[in-house]
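Next come the chains, spelled out residue by residue.
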Amino acid sequence: MLLKDEVGMLQRVPLFSGIEPTKLKLLAFTSDRVSYSAGQILFRQGDEGDAAYVILSGSADILVDSDSGPIKVAELVPNSIVGEIAILCNSSRTATVRAASPVEALRIRKDHFLRLMKEFPEMTIEMVRVLADRLSHTTADLIDARSAK
Amino acid sequence: MEPSLARYIWTHTKKQQIWILMIVLLSMIPYFMSFDLPKLIVNGPIQGRGFEQPGATQPFMRLHYDLPFIGEVLFFSGFQLDRTSTLFALSLVFLLLVVINGLFKLYINTYKGRLGERMLRRIRFDLVDRVLRFPPVYFKRVKSAEVATMVKDEVEPLGGFIGDAFVQPVLLGGQALTAMLFIMVQNVWLGMIAVVIVVIQIVLIPRMRRRLIVLGRERQLTARALSGRVGEIVDGIGAVHVHDTSNYERADIAARLGLIFKIRFDLYQWKFMVKFLNNFLAQLTPFLFYMIGGYLVIQGRLDVGQLVAVIGAYKDLPGPMKELIDWDQARQDVQVKYQQVVEQFTVEDLIAPRIGALTIDDPAPMTNPLSATGLSIADDGGAMLLNRISLQVRPGETVALVSTATGGAEALAEAFARLTWPDSGRIASGADDLLELPEAVTGRRMSYASSDVFLFQASLRDNLLYGLKHAPLTSVPYEGAAADQRRWNVDEARRSGNPELDIHSDWVNYASAGATGPHDLFEAVRRVLDAVVLSRDILDLGLRSSADLTRHTELARRIVELRAALRTRLEHEGLSGLVAPFEPGAYNKEATIGQNLLFGAAAGPELADRALAANPYFASVLKQAGLDRTLYEMGMEIAEQAIELFADLPPDHQFFQQLAFMSAEEIPAYETLLQRLKNRPYEAVSETDRAMIVTLSFAYIEPRHRFGLLSDELMSKIVAARNRFYENLPPELQNAIERYDPAKYIAAATVMDNVLFGRVGNNHPDAPDRIRSIVYDILDELGLYAELLDVGLDFNVGAGGRRLTGGQRQKLDVARALLKRPDFLILNRPLSALDQRMQDKVLRNVLEEARRDGHSPAIVWVVTNPAMAMMFDRVIVFDSGQLVEDGTHETLLAGRGIFKELLS
């Protein structure tokens, strides 16, 4: 997959949809293209967060450690971004991500990502929107879980 | 040191000075004779006196003089020669005298020069010797650059003067007197004129020069201070930038230079003024000679020959006179310089020479306890760091010194290491005062490491073994020319009062590291490096550096085996995809196009980096392979993409790290180049512009940059060009490149590149780490771990060790202290740059390593964190310069003292 195809993929990621293509190209160029075979770990829960990943192809599982072993909490499909929370909060990884099939991804380094957020407010707003959306989902899930008890 | 320069010189060069004096006196004879000759030639054969009759002869070489008091002295009655023969004979004698005088001069000058150089060597050595014996407190007050200037520059003029110290006045005085005497003999009145002028010169000129000496002293002091300040700027460059004070420093330096300029300009003005006067006086005399002497000739009271001889002799008078006055000036000047330096080097409490005396045999272990009695130490400001402390450290016990911020434990550790001297009280080993013990004992049986590490600008190995280099232990066998050179070295060293110690001898004391020689020292080195957790860092350094193949032969010999082992291992673990190996007949997608074309490591500047595209041979190969145009178009494409991506970014943007093709500074240049070349046909582009563009393509890696520029056809063309390149490689490039050969070690490449013999894939973020640990495993399995560690030990640590991190420096210092297996190991907050977890780990390792093989040294450790005290037999707590608690960890923990407080 070439740089211009990656730009096309990035445009489809909601987070980046508001950014002009030349900047996305720069983002793609300065990011590392990484590939994983099925079962390989992208990052582990508890590791220091140093990069975010955009899945270009394949799928990956988000796993959270529990007393009874890892639990799959979500699945990543192409065009989704993962790992941005640890970057934003300067915290360690809150979950483990494991490739479920061969995965091609773009690895955006922490400092690059933060720089982009500073330079492109539209991206930051989009980011906040995605996070808020997730939060409301999580809250809904929590209410479901509480009421089911 | 001897305060009088003249006496210093006389003491050390008496014999030589007397010898050269005698030679100088001897040289006066032909010198005087050469004065008389012109008169003989002019009056005799030329004017024909004594040859009035045709065929008349005169005695030749009849040497006789009318000397006062003695009367006529006849040296030789001579041969009878006619007029022409006499002319030739006398002229030949003149030539002979010229040669003899010249030879004398040559000998005297050479001798003097050598004498001066020897003395210079002696003075410099004496000075450095004294630096080595200064008491510690001195170094708190003096700037290193100033000391260096004194040793190097300020005594330099002494060397030139020393040879002349006694000879010059005698030689020049002799010459002047000879000339004067000769003039006197010819004509008393003319002589008197010369004497009067000379007396005026002698009285006046030195007076005028007094100011020069004052200025000279100021010049010396300001110049020394300048070099001190420059040294300070270099050492403190970090502070300068951090505080934005570079302009303050500029102002300071400019002010100093202004002052120095003023002093120097003053000096010049005076100097040339004096010179003018001196010249004028010298020229005044011939004026009087011409006038008065001419008058006497006209009167017939003086013959022409005499006048010519007087004027001839007078030509030789101002020269020596001027030089004599110069000599006097130089004498005063160097005397001032010498005194200035000696004052700086005259220090009270100099360490006695016997303390640092060379001792070959290792001293007996220190089996007595180390005790401080009533020990008080104050800092430079007079504040008490330690106040009447008494304690004893028994052999074999481990003691943690715990200290509050003002506790004073560091001062105690420094006092144990003799880096600080007690103000009152004393430290003793058994009954001996510690300060009275020779360094051969304390430097070998005790060791010390602190947070303030000094490393020399040398390899890691040299720094690590530095603590073992006490004395030359082997005598090096020299043969042939080297033996002659060695004899000469020893002989000259003796003559200059330098020691004859051979720096090329093996100084490493293997026994004290528990080894028997170079072959098994490595085990000890590896253990201490493991103990301070530094091995891994050094291995990494080793992997990243290129090995010295004369030393690390094993690595080169087994490189094929290593590469094979790595492949097998990667296959075995299913990781083959991580590395794209170099294969002579295939394109390596993970390497740049440049690397694929060259398929070798540049060993010289001709084919390295940017020079590659501009290399005519390389360009011709590209052309033949039909690649020149393709790569140019590719370069244009890359330039366009790069500029599109990066042109708007500020030059310091971190994204530029990702741009391999050009630097941020080059973007504007490429932007204009691109504009210019855009619609120009390839044929119309100049060679230089082509090279600029083609160079961009060399850095391209398809999987990483993903511009989609590489096709199968292009790859095969590149491989073909690679072979073509090596087929006709011109001789001048043979040594500029080392071709990748699966069966050969590449000396110009790093160890990692050699083992890998390929490129790590760009799309596996953790690949480099995984491969590195696999490489370490393999090296260990093949028994090459030691070799790699040795490569890493070649790493040059830089000035003051600055190429290492603070933590690495501290670890190295501890390793160095451990390596000599001391009886007393004093560690003064040695690991302060490390995090607590690492400090604990190293502490545990060090305690274990120090006690390996039944050794039981006493360990005194000033800990950075009271929790570390748990590992020690005994804990001593300091507060406000007082020893407040002393006991085992349990008892102190049980108590309610400061220790408990510090822990909580």
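Remember, predicted model here, so these are calculated numbers, not experimental data.

Our focus in this paragraph is the overall build of chain B. Tallying secondary structure elements over chain B gives 33 helices and 18 strands in all. In terms of overall size, chain B is more extended than a compact globule, its C-alpha atoms giving a radius of gyration of 40 Å where 904 residues would be expected to give roughly 29 Å. A total of 904 residues make up chain B; the buried ones form 34% of that total. Long-range contacts, defined here as pairs at least 24 residues apart, represent 78% of the contacts in chain B between residues at least 6 apart.

Here we come to the sheet that holds strand β7 (residues 96–99) of chain A. Residues and elements named next belong to chain A. Strand order in the open sheet made by the four strands is β2-β7-β4-β5, with antiparallel pairing throughout. At either end of the open sheet lies a strand with only one pairing partner, and these are β2 (41–43) and β5 (71–76). Neighbour-to-neighbour, the strand axes of the sheet open up by a mean angle of 30 degrees, direction not taken into account. By the bridge criterion, five bridges tie strand β4 (residues 60–64) to β5 in an arrangement that is antiparallel. When the bridges of β5 are listed, Leu 63 appears paired with Lys 72.

Below, the discussion takes up the nonpolar core. Grouped together as the largest cluster of nonpolar side chains are 182 residues, with contacts concentrated most on Val 54 of chain A together with Leu 401, Leu 412, Ala 815, Ile 826 and Val 860 of chain B. Residues Ile 123, Ala 165, Tyr 314 and Leu 317 of chain B belong to the second largest nonpolar core, which totals 48 residues.

Before going further, it helps to spend a moment on the packing of helix α1 (residues 5–46) of chain B against helix α9 (residues 304–315) of chain B. Residue and element names in this part refer to chain B. Here α1 crosses α9 at 150 degrees, and the two axes come no closer than 9 Å. Our classification of the angle between α1 and α9 gives roughly antiparallel. The two elements α1 and α9 cross, and the hand of that crossing is right-handed. Between α1 and α9, the residues in contact are Phe 35, Pro 38, Lys 39, Val 42 and Asn 43 and Gly 305, Gln 306, Val 308, Ala 309, Gly 312 and Ala 313, respectively. When its residues are assigned to classes, the contact of α1 with α9 shows six nonpolar, four polar and one charged.

Before going further, it helps to examine the pairing of strand β5 (residues 370–378) of chain B. All names here are of chain B. Direction of pairing for β5 relative to strand β6 (residues 384–393): antiparallel, over a ladder of six bridges. When the bridges of β6 are listed, Ser 371 appears paired with Gln 392. In sequence, β5 turns back onto β6 through a hairpin of five residues, with Gly 382 there showing a positive phi of about 95 degrees. Inspection of the sheet shows β5 paired to strand β8 (residues 424–429) by five bridges, in the antiparallel sense. Residue pairing across strands places Ser 371 opposite Ala 428, the latter belonging to β8.

This brings us to the environment of Gly 626 of chain B. Take Gly 626 of chain B: it is sitting in the loop between α21 (616–624) and α22 (628–646). Classification of Gly 626 of chain B as exposed rests on a count of 11 C-beta atoms within 10 Å.

On to the domain arrangement of chain B, then. Domain annotation of chain B identifies domain 1 (5–345), domain 2 (370–453 + 803–903), domain 3 (546–582 + 742–792) and domain 4 (588–739). The gap between the C-alpha centroids of domain 2 of chain B and domain 3 of chain B is 43 Å.

Let us now look at the sheet that holds β5 of chain B. Residues and elements named next belong to chain B. What the four strands build is an open sheet, ordered β6-β5-β8-β9; its pairing is antiparallel. Bordering the open sheet on either side are β6 and β9 (432–433), each of which pairs with just one other strand. Along the sheet, helix α11 (residues 409–416) contacts β5, β6 and β8; its crossing angle with β5, the most-contacted strand, is approximately 120 degrees.

The interface is formed by twelve residues belonging to chain B together with 16 residues belonging to chain A. Of the residues in the side of chain B that touches chain A, the class split is five nonpolar, five polar and two charged.

Glancing now at the UniProt feature "domain: Cyclic nucleotide-binding" (unreviewed entry) in chain A. In this structure's numbering, the residues bearing the UniProt feature "domain: Cyclic nucleotide-binding" (unreviewed entry) are residues 15–134 of chain A. The distance from the first to the last C-alpha atom of residues 15–134 of chain A is 13 Å, and the span holds 33% helix and 32% strand.

On to α1 of chain B, then. Residues and elements named next belong to chain B. Here α1 contains 42 residues, and its C-alpha end-to-end distance of 53 Å is more than 12% below the 62 Å for a straight helix at 1.5 Å per residue. Thr 13 marks where α1 bends most, by close to 85 degrees. Immediately beyond the C-terminal end of α1, within one or two residues, lies Gly 48, with a positive phi of roughly 85 degrees.

Right, let's get into the environment of Val 393 of chain B. Residue and element names in this part refer to chain B. Structurally, Val 393 can be placed in strand β6. For the pair Val 393 and Val 860, spaced 467 residues apart in sequence, the C-alpha to C-alpha distance is 8.2 Å. Those residues in contact with Val 393 that lie beyond four places of it in its chain are Pro 369, Leu 370, Val 399, Ala 858 and Val 860.

Residue and element names in this part refer to chain B. At a minimum axis separation of 9 Å, α21 and helix α26 (residues 712–727) run at an interaxial angle of 135 degrees. Between α21 and α26, the crossing angle belongs to the class labelled oblique. When the axes of α21 and α26 are compared, the crossing they make is right-handed. Seen from α21, the contacting residues are Val 621, Leu 622 and Gln 624; seen from α26, they are Ala 721, Arg 724 and Phe 725. Each residue belonging to the contact of α21 with α26 can be placed in one class, and the counts come to four nonpolar, one polar and one charged.

Further remarks concern the pairing of strand β17 (residues 874–879) of chain B. Residue and element names in this part refer to chain B. Burial analysis of β17 places six of its six residues in the buried class, the great majority of the element. Side chains Arg 874, Ile 876 and Phe 878 of β17 all project onto a buried face; the interleaved residues Val 875, Val 877 and Asp 879 project onto the opposite face, where all are buried too. Sheet topology places strand β7 (residues 398–403) next to β17; five bridges connect them, and they run parallel. In the strand pairing of β17, Val 402 is matched with Val 877. Summarising the sheet, β17 and strand β18 (residues 882–887) pair through five bridges and their orientation is antiparallel. Bridging from a neighbouring strand, Phe 878 pairs with Leu 883 of β18. Where β17 folds back onto β18 in an antiparallel hairpin, the turn is made up of two residues, including Ser 880, whose phi is positive at roughly 50 degrees.

What follows is about the confidence of the model for chain B. When pLDDT is averaged along chain B, the result is 86; 99% of the residues meet or exceed 70. Across the assembled chains, the prediction reports ipTM 0.79 with pTM 0.76.

All names here are of chain B. Its 20 residues give helix α5 (residues 167–186) an end-to-end C-alpha distance of 28 Å, which sits within 8% of 28 Å, the value for a rise of 1.5 Å per residue. When we look at burial in α5, the residues that qualify are Val 167, Gln 168, Leu 171, Leu 172, Gln 175, Ala 176, Ala 179, Met 180, Phe 182, Ile 183 and Gln 186. Of the surrounding elements, those touching the buried residues of α5 are α1, α2 (83–131), α6 (188–235), α9 and α10 (318–345).

Calculation notes
- Residues numbered from 1 in each chain as written.
- Chains lettered and ligands numbered in written order.
- Predicted model: local features only at pLDDT ≥ 70, side-chain atom pairs only at ≥ 80, totals over all residues.
- Helix = DSSP H or I, 4+ residues; strand = E, 2+ residues; numbered from the N terminus.
- Rg over C-alpha atoms; globule rule 2.2 N^0.38 Å.
- Buried ≥ 20, exposed ≤ 12 C-beta atoms within 10 Å, placed from the backbone.
- Contact = placed C-beta atoms within 7 Å.
- Pairing = 2+ DSSP bridges.
- Axes fitted to C-alpha atoms, helices over the stretch in contact; angles between N-to-C directions.
- Core = buried A, V, L, I, M, F, W, Y, C linked by C-beta atoms within 7 Å.
- Parallel < 35°, antiparallel > 145°, perpendicular 65-115°, else oblique.
- Left-handed = near helix turned anticlockwise from the far one by under 90°.
- Nonpolar A, V, L, I, M, F, W, Y, C, P; charged D, E, K, R; others polar.
- Domains from an automatic or database assignment.
- UniProt positions renumbered as here; feature names shortened; annotations may be inferred.
- Expected span 1.5 Å × (residues − 1).
- Bend = angle between axes of the 7 residues up to and from the residue.
- pLDDT = per-residue confidence, 0-100.

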